[in-house]
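Residue strings, one per chain:
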Amino acid sequence: MSAPPARTLADLDGDVLAHCAGYLGARDVASLAMACRPLRAAAYCDAVWYRLFRDQWPFQKVPRGALGLREQYIRRHTEVHKMKFDDPASAIYYLNPTETAPSHLMLDSNCIWLCQGPVTRKLSVGWPEPEMVETQRSHGARITCMRLVPLIDTPLFRSDTQANEKALITSSTDRTIRLCWKGHSRCYKGHSGPVTALADKLLDDGEFKVLASGGEDCTIRLWCMSTKAKNRALISTFHGHEKTLSFLSVAWHKSSLLVSSSKDSKVRVWDTMAPPSSGSSSCVGSTHLNSSGSPIAMKCYESLCYIAAGSEVTAIDLRTMKKASVLALPNRRILSCEMLPSEWLICTGTKDKALLWDIRKSQEPSNAVVELHSDGLVTFLHLDPYKVVTGVPADGQVHVWETRTGDLLNTLSCGEPVKSAGRGTVSAMAVDGCRIAMAGSSADGSFLHYRDFLKSSVLVSLPGKEVSRFWRPQQLDDDEDDNSEDEGYYY
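Notes on the structure in this doc start here. Computed from a predicted structure; not experimentally measured. (Residues numbered from 1 in each chain as written. Predicted model: local features only at pLDDT ≥ 70, side-chain atom pairs only at ≥ 80, totals over all residues. Heavy atoms only, no water.)

**Here we look at the packing of aromatic side chains**
Step number 1: The full count for this structure, using the stated rule, is 7 aromatic pairs.
Step number 2: Between Trp57 and Tyr73, the ring centres sit 5.2 Å apart and the planes meet at 55°, which makes this aromatic pair tilted. Here Trp57, found in the loop between α4 (46–56) and β1 (62–63), pairs with Tyr73, found in helix α5 (residues 69–81); they are 16 residues apart in sequence, far enough to count as distant.
Step number 3: With a relative accessible area of 2%, Trp57 lands in the buried category.
Step number 4: Each residue in the set Trp49, Phe53, Trp57 and Tyr73 is aromatic and connected to the rest through ring pairs, giving one cluster.
Step number 5: The ring of Tyr44 has Arg70 sitting right over it, with the charged end atom 4.2 Å from the ring centre. (Phe/Tyr/Trp six-rings, centres within 6.5 Å; stacked < 30°, edge-to-face > 60°. Helix = DSSP H or I, 4+ residues; strand = E, 2+ residues; numbered from the N terminus. Buried < 20%, exposed > 50% of the residue type's maximum accessible area, 1.4 Å probe, protein only. Lys NZ or Arg CZ within 6 Å of the ring centre and 35° of its normal.)

Right, here's the structure in full:
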């Protein structure tokens, strides 16, 4: 007797599939829709997206209209990530007035990391203000870099209950590197000068993870993150640069390749899997940027490395070490730069504006996608598919622009102007999705200002633009029927 025909998930009834999809998150539902037609029909079901909408925004009524619930969810998600609202959840945390303003900020999950001189702090986001949960004073001098890495990839990992935790890595002018997590720490010593650069992520040599660092001693050092290397953490030392290291980045197309740039605009590629007998022999490629300044940003994507220096952004093909493209800004020095190669976009900050470029038109410098005007030096910059955020240190505020059109979406002040004698300054900025954190100082001292737009409902009203009633709370006249309040909404 022949075996019965095999059955697949797609053979289930559509209502059953839709019920199963109701237990998934938004990302998983989107992935389900790409599998096949029956699963796509289940993933597009209004009941699935109604639950997702209510789970994400439990206090927001679900609008009823020409758009389906999936489209309503996407629209709401897009508006939130563009920070187009006037009523985000906002909290201000006042820091010790005797300490310097934070110079580095990072957002991770429900936490904010910041550093002030040699001190790092971790705050848990809460209302009405964040709560200080951890302070690290392990360095003896100014911190130069901060990185968050999975705890499971470090020697501080102990059990599976810690699998989703993050560990903090910092470098300092005291010549040391510190790995910290909840009061536990490891110190890595070896550089003969201040440590100025940490790799943007850990290298992978097949057996364990490796941390790369660079410093004013012009060397790159590799540190083993295995628990077995407690007393011999230093694996290799690479020589070849003649000036201070500026940036280290791990290549996308091969996780054992490390790209380094120094203040003299020299770029080298290192094979970290090479035998450690000779540091210079590990260099598998090098080039020099024809720029008038030191690198101020570097990012790898696929087989390319984008480096901003002087008045140019150069894309280098790491397979050939040839320049793939050069974006030049005549008579303009680049102060900040953010790259979004997956969307073919680069944003550069200059003395009076930010310029958004299409990488595919990099040979035509006169054709910027949009110009985002500013009242000063654009030294703070963030770029994602939804928005561009620009900040001027002396301005005391940041501006949010739409990525595709360059339209101004919002202006966010840093701190509370009514409490300060004058306008404050911005010293650091971090953006993660629909959340933004700014650090600054005023006559009242240093502070941290955090905003979360996820639950917002009141759209910003900009001059010359009418605000849609799509997400605005309904206003009812006294003589309207009580039942009319619910018209146009799902329950």
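**A few points about the pairing of strand β21 (residues 304–309)**
Step number 1: Within β21, 5 of the 6 residues are buried, which leaves the element mostly enclosed by the surrounding structure.
Step number 2: Where strand β20 (residues 295–301) meets β21, 6 bridges bridge the pair, whose relative direction is antiparallel. Bridged to Lys299 within β21 is Tyr306.
Step number 3: Between β20 and β21, which pair antiparallel in sequence order, lie 2 residues; one of them, Glu302, sits at a positive phi of approximately 55°.
Step number 4: Here 6 bridges tie β21 to strand β22 (residues 312–317), and the two strands are oriented antiparallel to one another. Note on β22: the bridge partner recorded for Ala308 is Val313. (Pairing = 2+ DSSP bridges.)

**Regarding the state of the cysteines**
Step number 1: Across all of its chains, the model carries 0 disulfides by this definition.
Step number 2: Between Cys337, a cysteine without a disulfide, and Cys347, which holds the nearest cysteine sulfur, the sulfur-to-sulfur distance is 7.7 Å. (Disulfide = S-S within 2.5 Å.)

**Some words on the layout of surface pockets**
Step number 1: By volume, the largest pocket is sized at about 2200 Å³.
Step number 2: Lining the largest pocket are 50 residues, and of these Leu105, Met146, Arg147, Phe247 and Glu338 sit closest to its centre.
Step number 3: Of the residues belonging to the lining of the largest pocket, the class tally is 29 nonpolar, 13 polar and 8 charged.
Step number 4: Considering only enclosed or pocket space, the second largest pocket measures out at about 570 Å³ in volume.
Step number 5: If you go around the second largest pocket, you meet 24 residues; those closest to its centre are Ala26, Arg27, Tyr73, His77 and Tyr386.
Step number 6: Of all the secondary structure elements, the ones that give two or more residues to the lining of the second largest pocket are α2 (26–33), α4 and α5.
Step number 7: A per-element tally of the lining of the second largest pocket places α5 first, with 7 residues. (1 Å grid on protein atoms, 1.4 Å probe; cavity = no way out; pocket = protein on both sides within 12 Å on 5 of 7 lines; lining within 4 Å. Points joined across faces, edges and corners; volume = space filled by probe spheres on them. Nonpolar A, V, L, I, M, F, W, Y, C, P; charged D, E, K, R; others polar.)

**Some details on the nonpolar core**
Step number 1: Within the largest apolar cluster, 37 residues are counted, with the highest numbers of intra-cluster contacts made by Leu412, Met429, Ile436 and Phe453.
Step number 2: Leave out the neighbours within four places in its chain, and Leu412 touches Met83, Gln397, Val398, Val400, Ile436, Met438, Arg451 and Phe453.
Step number 3: If you look at the next biggest cluster of nonpolar residues, it comprises 18 residues, including Phe157, Ile169, Val195 and Trp223. (Core = buried A, V, L, I, M, F, W, Y, C linked by side-chain atoms within 4.5 Å. Contact = heavy atoms within 4.5 Å.)

**Points about the pattern of salt bridges**
Step number 1: Evaluated as defined, the whole model comprises 16 salt bridges.
Step number 2: For Glu242, the salt bridge goes to Lys266, with nearest N and O atoms at 3.5 Å. Here the residue Glu242 occupies a position in the loop between β15 (234–238) and β16 (245–250), and Lys266 occupies one in strand β18 (residues 266–271), the gap between them amounting to 24 residues.
Step number 3: Taking relative accessible area as the criterion, Glu242 reaches 56% and is therefore assigned exposed.
Step number 4: We classify Lys266 as partly exposed; its relative accessible area is 26%.
Step number 5: With a shortest N-O distance of 2.6 Å, Asp384 and Lys387 are connected by a salt bridge.
Step number 6: According to the relative accessible area criterion, Asp384 is buried, its value standing at 10%. (Salt bridge = Lys/Arg side-chain N within 4 Å of Asp/Glu carboxyl O.)

**Details of the side chain of Asp108**
Step number 1: The residue Asp108 is located in strand β3 (residues 104–108) in this model.
Step number 2: Judged by relative accessible area, which is 18%, Asp108 ranks as buried.

**Digging into the pairing of strand β6 (residues 131–136)**
Step number 1: The pairing of strand β5 (residues 119–124) with β6 spans 5 bridges and is classified as antiparallel. Residue pairing for β6: Arg121 is matched across the bridge by Thr135.
Step number 2: Hairpin geometry of β5 and β6 is characterised by an intervening segment of 6 residues between the two adjacent antiparallel strands.

**Here we look at unusual backbone geometry**
Step number 1: Notably, Cys218 is not glycine yet its phi reads approximately 65°, a positive angle.
Step number 2: For Cys218, the position within the fold is in the loop between β13 (209–215) and β14 (220–224).
Step number 3: Take Cys218: its relative accessible area is 18%, and that puts it in the buried class.
Step number 4: Even without being glycine, Met321 reaches a positive phi, approximately 60°.
Step number 5: Looking at the secondary structure, you find Met321 in the loop between β22 and β23 (322–328).

**Let's talk about the sheet that holds β16**
Step number 1: One open sheet accounts for 4 strands, arranged β16-β17-β18-β19; its pairing is antiparallel. A strand with exactly one partner marks an edge of an open sheet, and here the two such strands are β16 and β19 (283–288). Along the sheet, successive strands turn relative to each other by an average axial angle of 15°, direction set aside.
Step number 2: Of the pairings in the sheet, the one linking β16 to strand β17 (residues 257–262) comprises 5 bridges and is antiparallel in character. (Axes fitted to C-alpha atoms, helices over the stretch in contact; angles between N-to-C directions.)

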